[in-house]
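# Tertiary structure, described
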Amino acid sequence: MTISTPVIFDCDPGIDDSIALLGAFVAPELDILAITPVCGNQPLDRTVRNALQICELGGRADIPVHAGCHRPLCREPIHGQFHGTTGLGSTVLPDPSKTVEPTTAVEALIAHLGRAARGERSKITMCCLGPLTNLALALRICPEIAGGIDRIVMMGGAFREPGNRTLTSEFNMLADPHAAQIVFAAGVPMTTLGLDATHQVMLLPDHVAMFAQKSGRISQTVAELMAFWDRNDVRRYGSRGGPLHDPLVTAWMLSPNFFESAPARVFVETESPLCLGQTVADWYGKSGEPANVDVVTKVDAQGVIDLYLDLMSRYEERGAA
Amino acid sequence: MTVTRIIIDTDPGVDDAAAIWLALASPEIELLGVTTVAGNVPLEATYANACRIVGLSGRADVPVMAGARGPLLRDQVFGKYAAIGAFPKALVPDSGMTSSDENAVAFIARTARGAAREGRPVTICAIGPLTNVAMALRLHPEVAQGIERIVVMGGAFRALGHRTPWAEFNVYADPHAAQIVLGSGVPITMFPLDVTLQALFTATHIEELREQGGAPGCALARLLTEFDRSDPEKYGRPGGPLHDPMTIAWLVAPELFSGRRAAVGVQVGGSTSGHTYADFNDSQARTTVMTDVNEPGYIALVVDRIAALGAAPERTAQEETKK
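Analysis parameters
- Residues numbered from 1 in each chain as written.
- Chains lettered and ligands numbered in written order.
- Predicted model: local features only at pLDDT ≥ 70, side-chain atom pairs only at ≥ 80, totals over all residues.
- Helix = DSSP H or I, 4+ residues; strand = E, 2+ residues; numbered from the N terminus.
- Rg over C-alpha atoms; globule rule 2.2 N^0.38 Å.
- Buried ≥ 20, exposed ≤ 12 C-beta atoms within 10 Å, placed from the backbone.
- Contact = placed C-beta atoms within 7 Å.
- Pairing = 2+ DSSP bridges.
- Nonpolar A, V, L, I, M, F, W, Y, C, P; charged D, E, K, R; others polar.
- UniProt positions renumbered as here; feature names shortened; annotations may be inferred.
- Expected span 1.5 Å × (residues − 1).
- Arc of directions from axis to C-beta.
- Axes fitted to C-alpha atoms, helices over the stretch in contact; angles between N-to-C directions.
- Core = buried A, V, L, I, M, F, W, Y, C linked by C-beta atoms within 7 Å.
- Parallel < 35°, antiparallel > 145°, perpendicular 65-115°, else oblique.
- Left-handed = near helix turned anticlockwise from the far one by under 90°.

For chain B, the name recorded in an unreviewed UniProt entry is Putative nucleoside hydrolase, with Salipiger bermudensis as its organism.

Looking at an unreviewed UniProt entry, one finds chain A named Putative nucleoside hydrolase protein, with Salipiger bermudensis as its source organism.

Quick look at the structure:
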């Protein structure tokens with residue numbers, strides 16, 4: 001690829017977010033315009049700090065980080081359960097010297113996407129790894145910005161697969177179901193990597209051992225993050241290891257041929273106490289509404305692992321970016 | 001005299017127009033900006049109407065901003081007079097005023113954050129659906145810190161709703177936004193239908209505005225004549241209510257009103273979406289629900305002040321009221 005694709009990473013780092021970002025940092029195919037952390041896996045101050053630290057770890061302090069929404073639109077905040085107390089497992093990174101931008105994430109999204117919508121720059125792909133609060137609020141404040149989005153590629157939802165945070169619901173959807181509803185209704189081309197996809201790519205202990213060997217100067221950190229990610233729950237996942245949720249978004253951007261998807265109309269439950277955040281896919285036109293999301297159904301797991309081994313190997317030389 | 005710095009978030013709307021003119025006619029109030037939201041009529045019409053309301057009073061220095069095109073989540077509903085859209089120009093002349101390009105939500109957030117940093121919080125009079133205010137509160141935690149109080153026209157407790165049997169229009173039109181605002185921790189003063197329906201403006205008051213008023217007073221008289229708000233069968237006597245100006249009147253003359261602390265909730269979704277309920281026995285409650293108004297005092301304040309606005313064109317509105 002000669003021209004890199006402009007992207008914004010909207011995320012809540014988070015261990016798997018961090019792996020997704022570290023992969024994206026060394027991919028010349030991606031031009032990362034901004035990172036917009038949101039309240040999600042951790043409270044906002046933590047996801048912002050983690051984003052700054054991961055930028056510095058990856059040698060990409062040049063990427064602006066804009067702090068996002070401090071809480072979901074309507075529901076009370078919930079946080080992730082598998083990211084440790086800091087959001088980066090047991091990994092301790094130096095205090096960041098990089099600072100957060102003065103403008104908020106929502107303002108930054110409106111500015112970038114607004115320019116694209118007005119034809120002042122090329123359209124932007126939104127890589128969404130967390131609850132969708134930032135993008136939903138930006139779309140509601142300034143609906144015109146939808147025209148500046150080339151595609152939304154998101155990690156979220158559980159379709160034929162059961163939920164992870166509750167029996168019915170995947171964490172990002174559950175953490176802000178109202179935001180998800182707004183984004184799904186935005187009329188923008190959209191691909192989602194739900195649990196149906198991410199549970200196909202288990203990061204096994206053997207893989208972790210390989211990343212520990214091959215990730216150059218960040219080997220120790222990558223291995224720590226990945227080792228912490230092991231759910232050690234064979235009954236649930238069929239093996240050791242942890243599902244590689246957010247990194248699949250970066251992988252889809254770089255190698256879409258690893259993925260198969262099917263178009264569906266996706267609805268999000270916003271009221272039920274039992275099923276809050278459930279995503280329901282209408283694959284067969286039962287609702288009478290047109291498909292709005294390409295739901296990823298099948299992943300070449302080995303291809304994704306090999307892709308990440310290749311990406312992480314680019315950290316071989318100090319400061320590689 | 002302490003001057004209260006306010007933003008009016010509004011969906012004009014006839015009674016919204018009266019609220020904006022009352023604010024412009026009151027030296028106790030510094031109007032920092034008028035932010036518009038879809039509600040009574042679509043956004044383009046609320047924005048155009050707000051520009052004409054402010055323009056007619058000769059206060060082109062007060063910025064008018066357009067905000068949310070629709071509610072956060074529910075399907076859009078408009079007010080009873082939605083078909084009218086923008087005010088007919090024969091009723092409210094167009095001064096040709098155009099205003100700020102800034103987004104209404106961005107303006108509220110920017111103003112409140114600035115106020116928080118200066119330690120001079122602003123008051124928001126929210127007299128339409130609460131979409132703009134809710135989104136501003138979600139943008140940044142500093143926004144809530146910069147708001148001293150939100151004075152809301154909305155809700156119905158003992159009174160029946162007017163849009164549906166169970167809900168008042170502003171809450172019904174965006175119940176999620178109302179829930180966000182009520183849960184924000186910012187002190188709230190609420191003017192529900194229970195109190196706004198206690199003061200009815202009659203033909204006599206409209207005549208007074210027409211005879212004594214400047215351009216805004218005469219325009220209000222024309223609006224109240226064209227869109228008759230009276231309903232003797234419903235209200236049991238002649239005259240029609242002006243809901244929204246109560247929020248401004250309370251800031252100017254709180255002695256005209258009484259209210260009680262209450263914990264207020266909103267039903268979001270379901271068959272009674274938009275219903276508001278109040279627990280008057282909650283000792284922790286931070287919301288004040290207004291319950292009673294001195295009717296003649298309120299009406300006199302609204303009529304006299306708006307009539308005086310622009311009545312002597314060489315004077316500014318503020319000098320006029322000090323006279």
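### Examining the overall build of chain B
What chain B contains, in helices and strands, is 14 helices and eleven strands. By the compact-globule yardstick of 20 Å for 323 residues, chain B fits well, its C-alpha radius of gyration being 18 Å. Structurally, chain B occupies a C-alpha span of about 50 × 45 × 40 Å along its principal axes. For chain B, the proportion of its 323 residues judged to be buried stands at 58%. Pairs at least 24 apart in sequence give 82% of the contacts found in chain B among residues at least 6 apart.

### A look at the overall build of chain A
Each helix and strand counted, chain A has twelve helices and ten strands in total. On C-alpha atoms alone, chain A measures out to a radius of gyration of 18 Å, which is about the 20 Å that the 2.2 N^0.38 rule sets for 321 residues. Counting only C-alpha atoms and orienting by the principal axes, one finds that chain A spans roughly 50 × 50 × 40 Å. Per-residue burial over chain A gives 55% buried out of 321 residues. The long-range share in chain A, meaning contacts at least 24 apart out of those at least 6 apart in sequence, stands at 83%.

### A closer look at the pairing of strand β8 (residues 259-268) of chain A
Residue and element names in this part refer to chain A. Alignment of β8 against strand β10 (residues 293-299), held across six bridges, turns out to be antiparallel. Bridge pairing in β10 places Glu 260 opposite Lys 298. The sheet contact formed by β8 and strand β9 (residues 279-282) spans four bridges and is antiparallel. Residue pairing across strands places Arg 265 opposite Asp 282, the latter belonging to β9.

### Focus: the interface of chain B and chain A
The interface is formed by 15 residues belonging to chain B together with 14 residues belonging to chain A. Going through the elements one at a time, α4 (131-139) and α7 (175-182) of chain B are the ones with two or more residues in the side of chain B that touches chain A. Its residues assigned to classes, the side of chain B that touches chain A comprises eight nonpolar, five polar and two charged.

### Describing the UniProt feature "domain: Inosine/uridine-preferring nucleoside hydrolase" (unreviewed entry) in chain B
UniProt marks residues 6-298 of chain B with the feature "domain: Inosine/uridine-preferring nucleoside hydrolase" (unreviewed entry), using the numbering shown here. Between the first and last C-alpha atoms of residues 6-298 of chain B the distance is 20 Å; the span itself is 37% helix and 19% strand.

### A word on helix α12 (residues 301-313) of chain A
Residues and elements named next belong to chain A. The end-to-end C-alpha distance of α12, which contains 13 residues, comes to 18 Å, matching closely the 18 Å that a straight helix rising 1.5 Å per residue would cover. Those residues of α12 not exposed but buried are Val 304, Ile 305, Tyr 308, Leu 311 and Met 312. Axial view of α12: buried residues confined to an arc of 125°, hence all on one face. On its buried side, α12 packs onto α1 (15-25), α8 (205-214), α9 (219-228), α11 (247-254) and β10.

### Some remarks on the sheet that holds strand β5 (residues 190-193) of chain A
Residues and elements named next belong to chain A. Pairing is mixed across the open sheet formed by eight strands, whose spatial order is β2-β1-β3-β4-β5-β10-β8-β9. Looking at which strands have only one partner, the edges of the open sheet turn out to be β2 (30-37) and β9. Neighbour to neighbour, the strand axes of the sheet diverge by 30° on average, direction disregarded. The pairing of strand β3 (residues 124-128) with strand β4 (residues 149-155) spans five bridges and is classified as parallel.

### A word on the nonpolar core
Judged by nonpolar contacts, the single largest core of 223 residues is most densely connected at A:Leu248, A:Val249, B:Trp21 and B:Ile306. Of the residues forming this core, the biggest block, nine residues, is contributed by helix α1 (residues 14-24) of chain B. The contacts of B:Ile306, once residues within four sequence positions are left out, are B:Ala18, B:Trp21, B:Leu22, B:Ala25, B:Leu209, B:Gly213, B:Pro216, B:Gly217 and B:Leu220.

### Some details on the packing of α8(A) against α9(A)
All names here are of chain A. Running from N to C, α8 and α9 cross one another at 165°; their axes reach a closest spacing of 7 Å. Overall, the two elements α8 and α9 adopt an arrangement that is roughly antiparallel. Along this stretch, α8 crosses α9, giving a crossing that reads as right-handed. Residues Val 208, Phe 211 and Ala 212 of α8 form the contact with α9, whose own contacting residues are Ser 219, Val 222, Ala 223, Met 226 and Ala 227. Grouping the constituent residues of the contact of α8 with α9 by class yields seven nonpolar, one polar and no charged.

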